[in-house]
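# Descriptive analysis of the structure
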Amino acid sequence: MATLLMPCISRFLASPHLRPALNGHGTTSDFIRVSKSINHVVPRLWARITSAQAASRAVENDLQGYWKHVYICNSGRERQVEFLPFIVEDSKIGYIHPKFLKHLRRFPEVFIVRDDVVNGMSKGWVTLHELLQTPQLRTDAIGVVLLSLEMEGLIPGWRNEHYPVVISFGGRSLFSLERAAVPFFGIKSMERNIFGLLSVVQRSKHSQACSTILSLADSQSEGIGCKENLLKECDEEAAIPAFLAEKATAVGAVSYEQIKGEAFKRDVLFCYDLELPADFQPSNKDGEVESFELVPVAEVAEIIRTSQRYKPNCALVVIDFLFRNGYIHPDQPGYLQLLQSLRSGECQ
């Protein structure tokens, strides 16, 4: 996916007792914070792990319960053949569905559609007008189109947030795109998840992006680096001071691809672990978190395994954490298959 950078902060804020607990030296109960929504429970993590028993009792041998989150996040992928490639500078950066494309056809000064048909199947593609040669010209022209479509109600959840679209992670920006429009262009989006054991927070009822489990996830904004964005989100969503947030450690990524209607989500979630003082108390500044609540880590693992109370993509981040910290182990049938499924989407 031409990547739209959306850094994801593995949203778990960890207690300094995390490592001793996981190594079997903890002495008290381990907890995770979970939040409850007005309409339904949308947990997010923030926990203190101090119990050696948590890992052994966290999950049962049956891993099937975790697969439902993987299936949901990767649903509809067989429909990719319906989409036309979106090409910019001779590189495939996304995919556009014909139903959404019919709206873009009204703007031939911005979007050019090649309708090639081979053996009765569409082999066409979509590109930008040849006069749009610079990132700024492309951003401005596409922005005008998207504003028009948004006023017609064709792009829900408008955020007024632009993200750089690139050919591959770390590459130069080809143009910037309104966050809400990313799935309609099939652009790869990259987010950050800060996982610090763990405060599970829930998005406010007024927030359109209701992420669960991980309270500190957000997309990469235009004109801001990954580290700077991480510090910003830590401060806004949980009031984590910079001198603590700077200690966050990158621990990997999860990815998935989901097609729903005309939207093609191609997401990569970068995960970070952050160890916080045992007496740290999170508080929200941007109105996107409803509350914080403590819940045992083992209980969060069981909630994910037996229910859909967590947003599926956030559940993937938690499952990755369970792997990395021994809550899911090689003696459980299907261990490698589940581990591999956490990176089902393209990563580049």
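The model shown is predicted, which means the values in this text are computed figures rather than measured ones.

Cut-offs applied
- Residues numbered from 1 in each chain as written.
- Predicted model: local features only at pLDDT ≥ 70, side-chain atom pairs only at ≥ 80, totals over all residues.
- Heavy atoms only, no water.
- Phe/Tyr/Trp six-rings, centres within 6.5 Å; stacked < 30°, edge-to-face > 60°.
- Helix = DSSP H or I, 4+ residues; strand = E, 2+ residues; numbered from the N terminus.
- Buried < 20%, exposed > 50% of the residue type's maximum accessible area, 1.4 Å probe, protein only.
- pLDDT = per-residue confidence, 0-100.
- Contact = heavy atoms within 4.5 Å.
- Expected span 1.5 Å × (residues − 1).
- Arc of directions from axis to C-beta.
- Salt bridge = Lys/Arg side-chain N within 4 Å of Asp/Glu carboxyl O.
- Pairing = 2+ DSSP bridges.
- Axes fitted to C-alpha atoms, helices over the stretch in contact; angles between N-to-C directions.
- Polar contact = N/O pair within 3.5 Å; in protein donor to acceptor, adjacent residues only side chain to side chain.
- Core = buried A, V, L, I, M, F, W, Y, C linked by side-chain atoms within 4.5 Å.

### Overview of the packing of aromatic side chains
The final tally for this structure, using the stated rule, is 12 aromatic pairs. Ring plane angle 65 degrees and centroid distance 5.0 Å describe the contact between F323 and Y335, whose orientation is recorded as edge-to-face. Within this pair, whereas F323 is found in helix α9 (residues 312–324), its partner Y335 is found in helix α10 (residues 335–341), the two being separated by 12 residues in sequence. Summarising the burial analysis for this pair, F323 and Y335 share the class buried. Pairwise contacts between aromatic rings join F86, F100, F111, F175, F184 and F185 into one cluster.

### Describing the confidence of the model for the chain
Per-residue confidence for the chain averages 77 on the pLDDT scale, and 70% of its residues sit at or above 70. Predicted confidence for residues 1–60 stays below pLDDT 50, and this span has 340 contacts to residues more than four positions away or in other chains. Long-range and interchain partners of residues 198–215, a stretch whose pLDDT sits below 50, account for 121 contacts in this model, where long-range means more than four residues apart.

### Description of helix α6 (residues 226–238)
With 13 residues, α6 extends 18 Å between its outermost C-alpha atoms, agreeing within 8% with the 18 Å of an ideal straight helix rising 1.5 Å per residue. Every buried residue belonging to α6 is among N229, L230, E233, C234, E237 and A238, and all of these are buried. The buried residues of α6 occupy one face: seen down the axis, they fall within an arc of 135 degrees. Following α6 by one or two positions, A239 has its phi on the positive side, about 55 degrees.

### Topic: the pattern of salt bridges
Counted under the stated rule, the structure contains 17 salt bridges. One salt bridge connects E233 with K232, and the closest N-O pair in it is separated by 2.7 Å. K232 sits in the partly exposed class, given a relative accessible area of 28%. The salt bridge partner of R266 is E346, with a shortest N-O separation of 2.9 Å. Of this pair, R266 sits in strand β18 (residues 263–275) while E346 sits in the segment after α10, and the two are 80 residues apart along the sequence. Beyond isolated ion pairs, a larger network of salt bridges with shared partners links D273, D320, R324 and R343.

### Side note on the sheet that holds strand β8 (residues 111–114)
Here we have four strands laid out as an open sheet, ordered β7-β6-β11-β8, and mixed in their pairing. At either margin of the open sheet sits one strand with a lone partner, and together these are β7 (91–96) and β8. Averaged over all pairs of adjacent strands, the angle between their axes in this sheet comes to 30 degrees, without regard to strand direction.

### Some remarks on the side chain of Q258
Residue position: Q258 is located in strand β17 (residues 249–260). With relative accessibility at 10%, the residue Q258 sits in the buried group. Within the structure, Q258 has its side chain in polar contact with the backbone oxygen of I72 (distance 2.7 Å). Residues in contact with Q258, not counting those within four places in the same chain, are I72, C73, S75, A263, F264 and K265.

### What about the nonpolar core?
By size, the foremost hydrophobic cluster in this structure holds 31 residues, and its most contacted members are F86, F111, F175, L177 and F185. At the level of secondary structure, the elements contributing two or more residues to this core comprise β6 (84–88), β7, α4 (98–104), β8, β11 (125–128), α5 (135–151) and β13 (175–178). In terms of residues, this core owes the most to one element, α5, which gives five residues. With residues near it in sequence (within four places) discarded, F175 still touches F86, V88, I93, L128, P135, R138, T139, I142, Y163, P164 and V165. In terms of nonpolar packing, the next biggest core, distinct from the first, is built from 29 residues, V70, V295, F321 and F323 among them.

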